[in-house]
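# Close look at the chain arrangement
Below, each chain spelled out in residue letters.
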Amino acid sequence: PYKDWYFLRDGKSSYGDKFDYEAWSGYQVLPKLNVYHPDVRNHIFDVARFWLELGIDGWRLDCAADISPEFWNDFRRVCQETRPGSVLIGEIIHGDYNSWVDDYHRLHSATNYQLYKPLWSCLKDRNFFELRHNIERDEHLYGEKVLMNFIGNHDVDRVLSILNDDRQLAMLATVLLFTMKGTPCLYYADECFMGGKKQHGGDASLRQPMPYPGDHSWDRTLFEVTKHLTHLRKNFPATRYGGITIVWNNDTSIVYHRRMNDQAVAVVMNCGESPATAEVGIENAHEYQWHPHIGVDGNGPWSRPMHVTVGPKSARIFCGSTIKGK
């Protein structure tokens, strides 16, 4: 009774079945479902309803681009009817996110693979021009869409290993992740400097157990920085909803800010081996009350008009609100 749920064909499967069938990327352990069949759709929708009714907040959908946008339109309708406000995030590695992500239909967001590499390679290669180009490209192509940014996941080498175990650069990558436009997604244990590279085509080394909090070998430096960055996003809406403007950059330094209404958050970053000084460049900066929120370096002089000195492989973040009466 379920033969029409799949795409059957003549021949034998790799498991010795007396018939063959289409499978995802050729992996016959994953038969391809006919999502255009009404019974298949209803079954999938019933699964979505079941878990949403149990209280999950949404779905992260693997290989979402392998299914037509039209299907996700119906899937979203079912999810919103079942749990209003639930979120759908699709894993989309290639292609135009506009085809699958929409404010009112299809998916709410997608994994931003197009920004993934620049977030770490700009540090590894000392090339902030690459980051600037890709941020501006994102703005041009995707406008107000809120994509999910990441510097690590279960399918790619750990960011610390990519950066040749340079912990300062790993901290800078985390600062970039939390201060970019979009939603940051932190892969577990990246905040405690876990490394890992694919070995023999397998992913086991990328998915090691989370270190026990009482383990004294756990370096908590990045963990504390991540806590501060989480606090920043929670308490300064400009980091969640504000636009992003790149003020200035060269190969090893960059200045950018996020602004919304009466708030501004400025980031000054230096991935070079020597201290760097830059002007933050906020328009009408004298109308803001400024204070340093976090420094990944240590100390560094700053004063109006906000000339900031940042140490090697370091970053500083400043938050400002307009002064009343200005």
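Because the structure is predicted, anything quoted here is derived from the model rather than measured.

## Overview of the sheet that holds strand β3 (residues 58-61)
- Taken in spatial order, the three strands of this open sheet run β3-β4-β5, and their pairing is parallel. One side of each edge strand has no neighbouring strand; the edge strands of this open sheet are β3 and β5 (109-110).
- The sheet strands contacting helix α2 (residues 69-82) are β3 and β4 (87-90), and the helix crosses β3 at an angle near 155°.

## Considerations on the pattern of salt bridges
- Scanning the entire structure with this criterion turns up 23 salt bridges.
- Residues Asp74 and Arg41 are paired through a salt bridge, measuring 2.5 Å at the closest nitrogen-oxygen approach. Taken together, the residues span a long stretch of sequence, with Asp74 in helix α2 and Arg41 in helix α1 (residues 38-54) at a distance of 33 residues.
- The exposure class of Asp74 is buried, given its relative accessible area of 19%.
- On the accessibility criterion, Arg41 (11% relative accessible area) is buried.
- Three or more residues are tied together by salt bridges with common partners; here these are Arg126, Asp166, Glu273 and Lys313.

## Considering the pairing of β4
- Across four bridges, the pairing between β3 and β4 is parallel. Across the sheet, Leu61 pairs through a bridge with Gly90, a residue of β4.
- Crossover connection from β3 via α2 to parallel β4: handedness right-handed.
- With two bridges connecting them, β4 and β5 associate as parallel partners. Following the sheet pairing, Ile89 is matched in β5 by Ser109.

Conventions and cut-offs
- Residues numbered from 1 in each chain as written.
- Predicted model: local features only at pLDDT ≥ 70, side-chain atom pairs only at ≥ 80, totals over all residues.
- Heavy atoms only, no water.
- Pairing = 2+ DSSP bridges.
- Helix = DSSP H or I, 4+ residues; strand = E, 2+ residues; numbered from the N terminus.
- Contact = heavy atoms within 4.5 Å.
- Axes fitted to C-alpha atoms, helices over the stretch in contact; angles between N-to-C directions.
- Salt bridge = Lys/Arg side-chain N within 4 Å of Asp/Glu carboxyl O.
- Buried < 20%, exposed > 50% of the residue type's maximum accessible area, 1.4 Å probe, protein only.
- Right-handed = clockwise from strand over helix to strand, strands pointing away.

Any link to function would need more than the numbers given here.
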